[in-house]
Amino acid sequence: MKKLLYTLFLTVFLITSVKAQRVLTLDECIQIALDNNLEIKRARNEAISAKAGYTQSKFNFLPDLSAGASHRWSEGLSFDQTSGTRVNTTTLGGGASIGGGVTIFGGFSNTLGLSRSKLLLEASEQTIESNIQTIEGNVVSAFLQVVSTQENLKIAKQTYDLLNEQLDREEKRQKAGVGDMERVYNFRSQVAQQNLRVVELNNQLQSGELVLIQLLLLDPSEEFTFQGISAEDAELEAEIANFSEVSEKSLENSPAIKASELNLEATKKSYKIAQYAWMPRLTASASYGSGWSSNLRNQDGSVVDLSTQMENNVNKGASLNLNIPLFTNFQNRTRVQQTKIQVLNSEIGVQQAKNNLINQVQRAYLDLINAKTSYAAAKESLVNLQLAFEFAKSRYENGTIDFVTYLTSLNGKNNGELQLVQAKYTILFRQLILDIYTGEMNNQN
C-alpha cells in the first residue's frame, strides 16, 4: 500500500513538474501572440470584407436581371388592363415578367469604384502586417523586460548568498570570541536589505511575466518559464548601419505607411467619383411579361384559360435611357467638398505615419548607439570592480579594512553587473526593434 501511494505521489509530482517547466522562447512568444491577438483577427476579418467588396465591384459591370409574378384581387369599379374594359365586379388577375438593364455609361463610377475597392483591399492587407509589426514590438519589449529582471534577480540572489556567507563567518568568529558584534549587526542589516531587494525583484518579475502572459492571451493560472537570450560579445559590439540606411529601409518596409498611402489613393478615387457625378448616365433596359384576368371571357361566357391568356397577352419592351443631373439640391457639390477633405486628411495621415515611424526609429537607433557605448564601458569597468572587490574582500577578512569600505566595494561590483546587464538587454531590445522596422526580423524567420 505504501509503495502504491509513493508511486501515485511520484507520478503527480512529475506531471506537475513537467507542467511547471513549460519554457517559452522569444520566437514562440511572438508566434503565440500572433495566433491569439484579437486586433490581428479583427484586421483579417476586415480584409475578408474588403475582398468581398472588391469582388462586388467587379460584378457591378454585369447587367442586372430580375423576375416577378403577381396575383391580384379587386372588387368594384375598375379598368381591367388585361381585358381592356371597365368592370364593376370582383376581379382576379395576375401576371409574370422578367426584365433587365445595363449601364452603358455611368460617369466612370464602376471603373473608379473597382480601382478604389482594390486599393482598400490592399490597404486592409497592409493593416494586418502593421498590426503584426506592432505586436512583435510589444512582445519583444515585454519579453526582454522579463529576462532582464531575471538576470537582475540572479545577481541579487548571488549577492544575498555572499552576504549570508559573510554573516555566518562573522557569527562564528563572534562565538569563538575573536569577532565583533558590530560586524555581525552590520551584516545582518545588509542581509535583510538584500533580502528585501530580492523580494522586490521577484515581485517585479512576476508582474512582468503577468504582463507578457496577458499580452499572449495565455492562461495566467498556468506556470511558464521564459528562456533568456544569449548573445556573444561580437554580436553586442558589432557595427550598426548608418541612420539614413536604417530609416530608408524602415520607410520602405513600413506596412503602416503603405496602408496610409493606399487609403490616400482610395480617397482620391472617391473624390473623382464625386466629381464625375455631374456627368450624364446612359442605361438600357428590356422586359418581357404577360398577364391574365378573370374578366377575359370566351363567347360562351366562360373565362379564357390561363395558358391561352398568358400566350396571347405577351408584352415586350426595350428602352434606352439618358439621365442628365441638372440640379441635385447641391448634393453633388457637397459630396465633392466632403471627399476633398477626406483626401486632405489622408495626406495628413500619410505624413503622420512617416513622422511616427521616423521618431520611433530615431529613438531606437540612438538608444542602441548609447547602449553599445555603455556596454563597452560597463564591461571594462566590471573587470576592475570585480578585482577591486576580491581584493577588498580579502583585506576585510584579514581585518585590514572596515565594513564600510568592504560594503562600498561590494555595491560597486553589484552596480557594475547591473549596468552591464541593462546595457546588454538594451542592445538586444533596440536591435530587435530596428530589425522589425526594417523587415530584417521577418527575413531571419
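Model, not experiment: these values are computed from the prediction.

Residues and numbers for the overall build of the chain, please.
From N to C terminus, the chain includes 12 helices and 6 strands. For 445 residues, the compact-globule formula gives about 22 Å, and the C-alpha radius of gyration of the chain, at 40 Å, lies well above that figure. C-alpha atoms of the chain, sized along the principal axes, occupy 140 × 70 × 35 Å. Out of the 445 residues in the chain, the part that is buried amounts to 35%.

Before we move on, could you go through the pattern of salt bridges and cite the residues and values that matter?
Using the criterion set out here, one finds 10 salt bridges in the structure. Close ionic contact of lysine 249 with glutamate 440 constitutes a salt bridge, the shortest N to O distance being 3.7 Å. Of the two residues, lysine 249 sits in helix H7 (residues 243-253) while glutamate 440 sits in helix H12 (residues 440-444), which places them 191 residues apart along the sequence. On the basis of relative accessibility, which here comes to 33%, the residue lysine 249 falls in the partly exposed class. Residue class for glutamate 440 comes out partly exposed when judged on its relative accessible area of 28%. Put simply, glutamate 265 and lysine 268 hold a salt bridge, and the shortest N to O gap is 3.7 Å. Remark: lysine 268 and glutamate 265 occur in helix H8 (residues 255-275); sequence separation between them is 3 residues, near one turn of the helix. A single network of salt bridges, built from pairs that share partners, joins Glu245, Lys249 and Glu440.

Account for the nonpolar core, with residues named and values stated.
Formed by 58 residues in total, the largest nonpolar core has its most connected members in Val139, Val140, Leu144, Leu212, Leu216 and Phe226. If you list the elements that add at least two residues to this core, you get helix H2 (26-36), helix H3 (38-59), helix H4 (109-175), helix H5 (181-216), helix H10 (331-397) and helix H11 (403-438). Sort the elements by how many residues they give to this core and H4 lands first, with 13 residues. Discounting residues that sit within four places of it in the chain, leucine 144 has contacts with Ile229, Tyr425, Leu428, Phe429 and Leu432. Judged by nonpolar contacts, the second largest core, of 14 residues, contains Leu162, Val184, Val191 and Leu410.

Break down H3 for me, citing the residues and quoting the values.
Taking 1.5 Å per residue, 22 residues should reach 32 Å; H3 reaches 32 Å between its end C-alpha atoms and fits that length. Tucked into the core, H3 has its buried residues touching H2 and H4.

Give me the lowdown on the confidence of the model for the chain, citing residues and values where you can.
Residues of the chain with pLDDT of at least 70 account for 91%, and the chain-wide mean is 86. Per-element confidence in the chain ranges from a low mean pLDDT of 45 for helix H1 (residues 2-20) to a high of 95 for H8. Under a pLDDT of 50 for its full length, residues 1-18 has, in the predicted model, 0 contacts with residues more than four places off or in other chains.

Please give an account of the side chain of serine 130 that cites residues and values.
Residue placement: serine 130 occurs in helix H4. Overall, serine 130 belongs to the buried group, its relative accessible area being 15%. Beyond its immediate sequence surroundings of up to four residues, serine 130 is in contact with Pro255 and Ala256.

Here is what the cut-offs are and how they apply
- Residues numbered from 1 in each chain as written.
- Predicted model: local features only at pLDDT ≥ 70, side-chain atom pairs only at ≥ 80, totals over all residues.
- Heavy atoms only, no water.
- Helix = DSSP H or I, 4+ residues; strand = E, 2+ residues; numbered from the N terminus.
- Rg over C-alpha atoms; globule rule 2.2 N^0.38 Å.
- Buried < 20%, exposed > 50% of the residue type's maximum accessible area, 1.4 Å probe, protein only.
- Salt bridge = Lys/Arg side-chain N within 4 Å of Asp/Glu carboxyl O.
- Core = buried A, V, L, I, M, F, W, Y, C linked by side-chain atoms within 4.5 Å.
- Contact = heavy atoms within 4.5 Å.
- Expected span 1.5 Å × (residues − 1).
- pLDDT = per-residue confidence, 0-100.

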